[in-house]
Amino acid sequence: MEKFSTEYFHKLANDLKFDLSDEEIEELKKDFVAVEKQVSLFEKVDTEGVEPMVYPFETPTVFLREDVVSDVLTQEEALKNVKDARMGHVHVPKVVK
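Residues numbered from 1 in each chain as written. Predicted model: local features only at pLDDT ≥ 70, side-chain atom pairs only at ≥ 80, totals over all residues. Heavy atoms only, no water.

The name given to the protein in an unreviewed UniProt entry is Asp-tRNA(Asn)/Glu-tRNA(Gln) amidotransferase GatCAB subunit C, and the organism recorded there is Holdemanella biformis. Database annotation for the protein, UniProt heading Subunit (unreviewed entry): "Heterotrimer of A, B and C subunits." (UniProt positions renumbered as here; feature names shortened; annotations may be inferred.)

Right, dumping it as structure tokens:
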């Protein structure tokens, strides 16, 4: 089976609860191949001797504002219109296999 086969995309779409036509799958295949080529270019970059960065900028950003708390809902207010609340939390159906 090829890496990005039609069956692969049908299974992936089914697992994610999507319906994809064969035409859409062919377009996705092209996109996936293009992304794979771009990623392979990154793998070829020589990073020998380059120090890993924790922060993406050389100088720290100082323009970020402080968080200010305002208009806070109580737990009761937040859960008042929830269809299914359990133990003070919103309960939703499982969507991942």
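From this point, things continue past the structure.
*Asks:* Could you give an account of a nonpolar patch on the surface, naming the residues involved and the relevant values?
*Replies:* Residues Tyr 8, Leu 12, Leu 16, Phe 18 and Phe 32 make up a contiguous nonpolar surface patch of about 450 Å² in total accessible area. With respect to the helices and strands, the residue Phe 18 is situated in the loop between helix H1 (6-15) and helix H2 (22-43). (Patch = residues over 30% accessible without salt bridge, like charges linked within 9 Å, V, L, I, M, F, W, Y side chains within 5 Å. Areas by Shrake-Rupley, 256 points an atom, 1.4 Å probe, with all protein chains shown as cover. Salt bridge = Lys/Arg side-chain N within 4 Å of Asp/Glu carboxyl O. Helix = DSSP H or I, 4+ residues; strand = E, 2+ residues; numbered from the N terminus.)

*Asks:* Describe the pattern of salt bridges, and please don't skip the residues or the numbers.
*Replies:* In total, this model carries five salt bridges according to the counting rule given. Across the salt bridge formed by Lys 11 and Asp 15, the nearest N and O atoms sit 2.9 Å from each other. Separated by four residues within a single helix, Lys 11 and Asp 15 lie in helix H1, roughly one turn from each other. Linking Lys 29 and Glu 26 is a salt bridge whose minimum nitrogen-to-oxygen distance equals 3.2 Å. Here the residue Lys 29 and the residue Glu 26 both occupy positions in helix H2, the gap between them amounting to three residues, near one helical turn. Here Glu 26 falls in the partly exposed class, since its relative accessible area comes to 38%. (Buried < 20%, exposed > 50% of the residue type's maximum accessible area, 1.4 Å probe, protein only.)

*Asks:* Just give me the short version of the packing of H1 against H2, but keep the residues and values in it.
*Replies:* At a closest axis distance of 10 Å, the pairing of H1 and H2 adopts a crossing angle of 105°. In terms of orientation, H1 and H2 fall into the roughly perpendicular class. Of H2, the residues touching H1 (which contributes Thr 6, Phe 9 and His 10) are Asp 22, Ile 25, Glu 26, Leu 28, Lys 29 and Phe 32. Per-class residue counts for the contact of H1 with H2 are four nonpolar, two polar and three charged. (Axes fitted to C-alpha atoms, helices over the stretch in contact; angles between N-to-C directions. Parallel < 35°, antiparallel > 145°, perpendicular 65-115°, else oblique. Contact = heavy atoms within 4.5 Å. Nonpolar A, V, L, I, M, F, W, Y, C, P; charged D, E, K, R; others polar.)

*Asks:* Residues and numbers for the side chain of Lys 29, please.
*Replies:* With a relative accessible area of 13%, Lys 29 lands in the buried category. Within polar-contact distance, the side chain of Lys 29 engages the side chain of Thr 6 at 3.0 Å. (Polar contact = N/O pair within 3.5 Å; in protein donor to acceptor, adjacent residues only side chain to side chain.)

*Asks:* If you had to explain the packing of aromatic side chains to someone new, which residues and values would you point to?
*Replies:* Counting across every chain of the model gives two aromatic pairs. Geometrically, the ring pair formed by Tyr 8 and Phe 9 is edge-to-face, given 5.3 Å between the ring centres and 85° between the ring planes. For Phe 9, a relative accessible area of 2% puts it in the buried group. An angle of 85° between the planes, with centres 5.0 Å apart, marks the rings of Phe 9 and Phe 32 as edge-to-face. Note that Phe 9 is positioned in helix H1 and Phe 32 in helix H2, a separation of 23 residues in sequence. Through a chain of ring-to-ring contacts, three or more aromatic side chains come together here, namely Tyr 8, Phe 9 and Phe 32. (Phe/Tyr/Trp six-rings, centres within 6.5 Å; stacked < 30°, edge-to-face > 60°.)

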